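The primary structure of each chain is shown beneath.
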Amino acid sequence: MRFLKSLSILGALAQPALPAEEAPLGLIPWPVEVRRGAGEFLLTEKTCLVAPSERYQEALQLATPLRKATGFPLPIVVPSQGEPPKGSIVFIQNQGDPTARDGAYRLSVTADRILIASQTASGHFYGGRTLLQLLPPQAATGRRAPVGKTLRYSAPCVEIVDAPRFSWRALMLDESR
């Protein structure tokens, strides 16, 4: 009888799981602007990265851990005229905003595609790092899921605008403690 009472109390205290639109994103550092949307982008074996030749390195830095974690080929292709294919991750070079700082980016995740827009290589790099944080942890580490466990590599639909808050990036290491 005590067991049933304990079980009913635990059931009453248990919080329901948050819907995907309300689940915390867990981004570090927190971006300047975040807008959530409905739905998710699903990474599949047909997903490709579309990047101009000047941004090949940044696309490769994003593709490498994703290839290791998912086993998907994730080819990097040069953009052609017209709309990028559905299911792709697209690097766009913004030339229009002269006030944008080095490292600033816009990450737009929709159910059809992911756009990472920036004027600079560092902005594309940081946009890619933010995207990896939106995916399951194995995506950033490049580790496969344990045997027998299948992971869905999906990112929630979101619009993120970010720029460095300071003119330097640093790491403080206090070795005296």
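It should be emphasised that the depicted structure is a prediction, and the values quoted were computed from it without experimental measurement. (Residues numbered from 1 in each chain as written. Predicted model: local features only at pLDDT ≥ 70, side-chain atom pairs only at ≥ 80, totals over all residues. Heavy atoms only, no water.)

*Asks:* Give me the overall build of the chain: which residues, what numbers.
*Replies:* For the chain, the count of helices and strands is four helices and seven strands. For the chain, the sequential pattern of α-helices and β-strands runs α-β-β-α-β-β-β-β-α-α-β. The contacts in the chain between residues at least 6 apart in sequence include a share of 70% that link residues at least 24 apart. Carbon and sulfur atoms form 59% of the exposed surface of the chain, whose accessible area is close to 11400 Å². (Helix = DSSP H or I, 4+ residues; strand = E, 2+ residues; numbered from the N terminus. Contact = heavy atoms within 4.5 Å. Areas by Shrake-Rupley, 256 points an atom, 1.4 Å probe, with all protein chains shown as cover.)

*Asks:* Provide a residue-level description of the pattern of salt bridges, including the pertinent values.
*Replies:* Applying the stated criterion to the full structure yields five salt bridges. Its salt-bridge partner being Arg152, residue Glu40 comes within 2.0 Å of it at the nearest N-O pair. Placement of Glu40 in strand S1 (residues 33-42) and of Arg152 in the loop between helix H4 (137-141) and strand S7 (154-162) is noted, with a sequence separation of 112 residues between them. One salt bridge connects Asp162 with Arg165, and the closest N-O pair in it is separated by 3.7 Å. (Salt bridge = Lys/Arg side-chain N within 4 Å of Asp/Glu carboxyl O.)

*Asks:* I'd like a description of the packing of aromatic side chains, backed by residues and values.
*Replies:* By convention here, two paired aromatic rings are described through the distance between centres and the angle between planes. A complete count under the given rule lists one aromatic pair for this structure. Judged by centre distance (5.4 Å) and plane angle (70 degrees), the rings of Phe125 and Tyr126 are edge-to-face. When its relative accessible area of 28% is taken as the criterion, Phe125 is described as partly exposed. Given a relative accessible area of 24%, Tyr126 falls into the partly exposed group. (Phe/Tyr/Trp six-rings, centres within 6.5 Å; stacked < 30°, edge-to-face > 60°. Buried < 20%, exposed > 50% of the residue type's maximum accessible area, 1.4 Å probe, protein only.)

*Asks:* Please give an account of the sheet that holds strand S4 (residues 89-93) that cites residues and values.
*Replies:* Across a sheet, paired strands are connected by hydrogen bonds in the backbone, their directions being either parallel or antiparallel. Across the sheet, seven strands lie side by side as S1-S7-S5-S6-S4-S2-S3; this open sheet has mixed pairing. At either end of the open sheet lies a strand with only one pairing partner, and these are S1 and strand S3 (76-77). Here strand S5 (residues 105-109) pairs with strand S6 (residues 114-118) via four bridges, running antiparallel. Following the sheet pairing, Arg106 is matched in S6 by Ala117. Contacting S4, S5, S6 and S7, helix H3 (residues 121-134) runs over the sheet at an angle of about 35 degrees to S5. (Pairing = 2+ DSSP bridges. Axes fitted to C-alpha atoms, helices over the stretch in contact; angles between N-to-C directions.)

*Asks:* Tell me about the environment of Leu107, residues and numbers included.
*Replies:* Relative to the helices and strands, Leu107 is located in strand S5. Judged by its relative accessible area of 0%, Leu107 is buried. C-alpha separation for the pair Leu107 and Val161, spaced 54 residues apart in sequence, amounts to 6.4 Å. If we skip the residues at most four places from it in the chain, Leu107 touches Ile114, Leu115, Ile116, Gly127, Thr130, Leu131, Leu134, Val158, Glu159 and Ile160.

*Asks:* I'd like to hear about the pairing of S5, residue by residue, with values.
*Replies:* Burial analysis of S5 places four of its five residues in the buried class, which makes it a mostly covered element. As paired elements, S5 and S7 share five bridges and run antiparallel to each other. Bridge pairing in S7 places Ser108 opposite Glu159. If you look at the hairpin formed by S5 and S6, you'll find four residues sitting between the two strands.

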